[in-house]
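Report on the structure
Listed here are the chains, written in short residue letters.
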Amino acid sequence: MVRSFFLGFIKIHILHHAAKEQVYGLWLIEELERHGYGISPGTLYPILHSLEDDSLLQSQERVVDGKMRKYYRTTSKGKKTLRQAKEKVQELLNEIVKDQSR
Ligand SMILES: [Zn+2]
């Protein structure tokens, strides 16, 4: 896949899910795979870190089954960004679908 092209979609997915519930890396990899994005941990984790650096996500470490696991939630800034992204996706979709039916 053309990674940089789909990066924005992947980020929107992450913010969307982390806005609803706490998510962790492996869960996101499986969820994104379900949506047709084959993404490795080596690609996902830098994306999570950059979202965290931009204060769109915040993480919390918790011990689960004796292992440290990092959980992510969308911050209020992230939710605002997500709302703006949704508008842009909707606008783009309107344009593309409109063109298709011509
Ligand atoms: Zn999803």
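Check the entry above for the structure.
Residues numbered from 1 in each chain as written. Predicted model: local features only at pLDDT ≥ 70, side-chain atom pairs only at ≥ 80, totals over all residues. Heavy atoms only, no water.

With respect to the overall build of the protein
Helices and strands together make up the secondary structure of the protein, namely four helices and three strands. Across its three principal directions, the C-alpha atoms of the protein cover 60 × 30 × 20 Å. Going through the 102 residues of the protein one by one, you find that 28% of them count as buried. In the protein, 48% of the contacts between residues at least 6 apart in sequence involve partners at least 24 apart. (Helix = DSSP H or I, 4+ residues; strand = E, 2+ residues; numbered from the N terminus. Buried < 20%, exposed > 50% of the residue type's maximum accessible area, 1.4 Å probe, protein only. Contact = heavy atoms within 4.5 Å.)

What to know about the coordination of the zinc ion
The protein atoms that coordinate the zinc ion are H17 (NE2), E31 (OE) and H35 (NE2), at distances of 2.0 to 2.2 Å. If you list the donors of the zinc ion from N- to C-terminus, the spacing comes out as H-x13-E-x3-H. Residue classification places E31 among the buried residues on the basis of a relative accessible area of 8%. (Donors = N, O, S within 2.8 Å, 3.2 Å for Na, K, Ca; no water.)

A short note on the pattern of salt bridges
Tallied over the entire structure, the rule returns one salt bridge. Taking the shortest distance from any N to any O, the salt bridge between E31 and R34 comes out at 3.0 Å. One end of the pair is E31 and the other is R34, both in helix α2 (residues 25-34) and three residues apart, which spans about a single turn. (Salt bridge = Lys/Arg side-chain N within 4 Å of Asp/Glu carboxyl O.)

A word on the pairing of strand β2 (residues 57-64)
By the bridge criterion, eight bridges tie β2 to strand β3 (residues 67-74) in an arrangement that is antiparallel. Paired with R62 across the strands is R69, a residue of β3. From the end of β2 to the start of β3, which pair antiparallel, there are two residues, and D65 there has a positive phi angle of about 50 degrees. (Pairing = 2+ DSSP bridges.)

Geometry only, nothing functional implied.
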